[in-house]
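This is what each chain is made of:
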Amino acid sequence: MGYIPSADTIYAVAYLTEIGRNYLFNQNNNRFDTNGDDLFEITKFTLSDVDTNYQTIQLLSTGEVPDITGKNEDCLKSTANYVQKNLLAFVFDDTPTNVEYSTDLEGDNLLIREGNIPTTNETPPAFPQETTGPFIGGGTFTPNTGGAFQAR
Amino acid sequence: MATSSTNPNPQNVYNYAINFTTTNLSNGNPFVEPHTVTLQNGSYNIPLNPINIQGNAYGPCIVVPLSTNINNGAPYLKFHLPQNDESVMYVTFCIRHTGMNDGYYDYVNGIPDAYRSALRTWIRDDRDPTNINSTTPWTKTLTFNVKGIDTNVVSATIPFTVTFSATFGGVRIEDDIAFTGPALVTG
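A.B. asks: Where do I start with the interface of chain A and chain B in this structure?
C.D. replies: The figure often quoted for interface size is the accessible area lost as the parts come together. At the interface, 33 residues of chain A touch 57 residues of chain B. Where chain A abuts chain B, roughly 3,700 Å² becomes buried across the two surfaces, and 58% of that area is made up of carbon and sulfur atoms. Among the residues chain A hides against chain B, the three largest losses belong to A:Tyr101, A:Ile112 and A:Glu114. Together they make up 22% of the total. Where chain A touches chain B, the interface holds two salt bridges. The tally of links from chain A across to chain B stands at 26 residue pairs in polar contact (both at pLDDT 80 or more). Class assignment of the residues belonging to the side of chain A that touches chain B gives a composition of 14 nonpolar, 12 polar and seven charged.

In structure tokens form, the structure reads like this:
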């Protein structure tokens, strides 16, 4: 699939491998793992120029799709003598969106009875002493005379 | 310059803890993620006046004054919000203390009598018991909201409450008093 400069609609066709088809039809009851997770779930995909063999000028016939190794074993459609290039793996975000938040409190309420809080005689550290701070600038101040502060 | 002290980890002082979880409803499995908590406004006779404080070594906190005193020694409630990748919130009892890193000293083993008196007044919230002859439990409830940080499904946010309760009024009957006066005269 080459670069399509413009298109209104793009269709993607997925060809399942042997194991993919096993999961789809739940053959051997192996579709869900021990945690109940569905193994037939697309969790990641790659983008690459899969239908072009840079080693030859020959093009793939329409409908031919190589598997990840370029081999044609256990694949619905495949070709050989192919090397994947510039493989980009994209992982779907598995953060759930259908969630429920909860607390470990009965009725989501924490009851604190004042009478159940023990009494203590502990002494906190001494509070910092308030300082008078340095005088900024010198001068004299005469109270109650209406005089202004005069700097030296 | 005066140095400041650091409160112990809130889980190592007298505390109440609340744990939060997220469940993936698609498969029923727990989804591990940190949580975020916010305090709702409420209608009280004595306003909450909550203060967000930083500087606590174990994460952001909200303090609520138990009185109008804001000076050193003034009593407060402290709510230690979940920090970093945690999903737990702690409630501790503290006083204003400018010598501590976050400005408040957490009581380690309980509360002193003066603090207890302030807490009871705060719980009573300017209300009077309707019947002084019967014990009356008064409660004051704070409401918080919690949601997961990674999933961040706002519509799934749930409220939870912290209710403080104290008993007021009433006359207690003593039934084990030894009578030491003169013998009763019968007949």
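A.B. asks: Quick question: what am I supposed to make of the confidence of the model for chain A here?
C.D. replies: Detailed reading of the predicted coordinates is not advisable wherever pLDDT is low. Residues with a pLDDT of 70 or more make up 42% of chain A, whose mean pLDDT is 68. With pLDDT under 50 throughout, residues 137–143 of chain A is counted as low confidence; its partners more than four residues away or in other chains account for 14 contacts.

A.B. asks: Explain the confidence of the model for chain B to me, please; I cannot follow it from the model alone.
C.D. replies: In the predicted model, chain B carries a mean pLDDT of 88, and 86% of its residues have values of at least 70. In the predicted assembly, ipTM is 0.86 and pTM is 0.64.

A.B. asks: Help me out: how do you make sense of helix 1 (residues 113–124) of chain B in this one?
C.D. replies: Side chains that are three or four residues apart share a direction in an α-helix, a result of its 3.6 residues per turn. Residue and element names in this part refer to chain B. The end-to-end C-alpha distance of helix 1 is 16 Å, a good match for the 16 Å that 12 residues give at a rise of 1.5 Å each. For helix 1, every residue scored as buried is listed here: Tyr-115, Arg-116, Ala-118, Leu-119, Trp-122 and Ile-123. Projected onto a plane normal to the axis of helix 1, the buried residues spread over an arc of 165° and lie on a single side. Opposite the buried face of helix 1, by more than 90 degrees, sit the exposed residues Asp-113 and Ala-114. Just beyond helix 1, the residue with positive phi is Asp-125, at close to 55°.

What counts, and where the lines are drawn
- For every chain, the first residue of its written sequence is number 1, and the numbers climb from 1 along that sequence.
- Naming scheme: in the order in which they are written, chains are lettered from A and ligands are numbered from 1.
- Since the coordinates come from a predicted model, pLDDT governs what is reported: local features require at least 70, and pairs of side-chain atoms require 80 or more to be given and counted, while whole-chain, interface and lining totals use all residues.
- Where side-chain values are given, they derive from all heavy atoms of the structure, hydrogens and water being excluded.
- Residue contacts are counted whenever heavy atoms from the two residues lie within 4.5 Å of one another.
- Computed with a 1.4 Å rolling probe, the buried area is the accessible surface lost when two parts are put together, summed over both parts.
- When a carboxyl oxygen of Asp or Glu lies within 4 Å of a side-chain nitrogen of Lys or Arg, that pair is called a salt bridge.
- Any N or O atom pair separated by 3.5 Å or less is treated as a polar contact, with the protein-specific requirement of one donor-capable and one acceptor-capable atom, and with residues adjacent in sequence counted only for side-chain atom pairs.
- Three classes are used: nonpolar for Ala, Val, Leu, Ile, Met, Phe, Trp, Tyr, Cys and Pro, charged for Asp, Glu, Lys and Arg, and polar for all others, with Gly counted as polar.
- Summary of the metric used: pLDDT quantifies the predictor's per-residue confidence within the range 0 to 100.
- Put simply, DSSP H or I for four residues or longer makes a helix, DSSP E for two residues or longer makes a strand, and each gets a number counted from the N terminus.
- To estimate how far a helix should reach, multiply one less than its number of residues by 1.5 Å.
- Burial classes follow relative accessibility: with a 1.4 Å probe on protein chains only, a residue under 20% of its type's maximum area counts as buried, one over 50% as exposed, and anything between as partly exposed.
- The reported arc concerns the directions from the helix axis to the C-beta atoms and nothing else.

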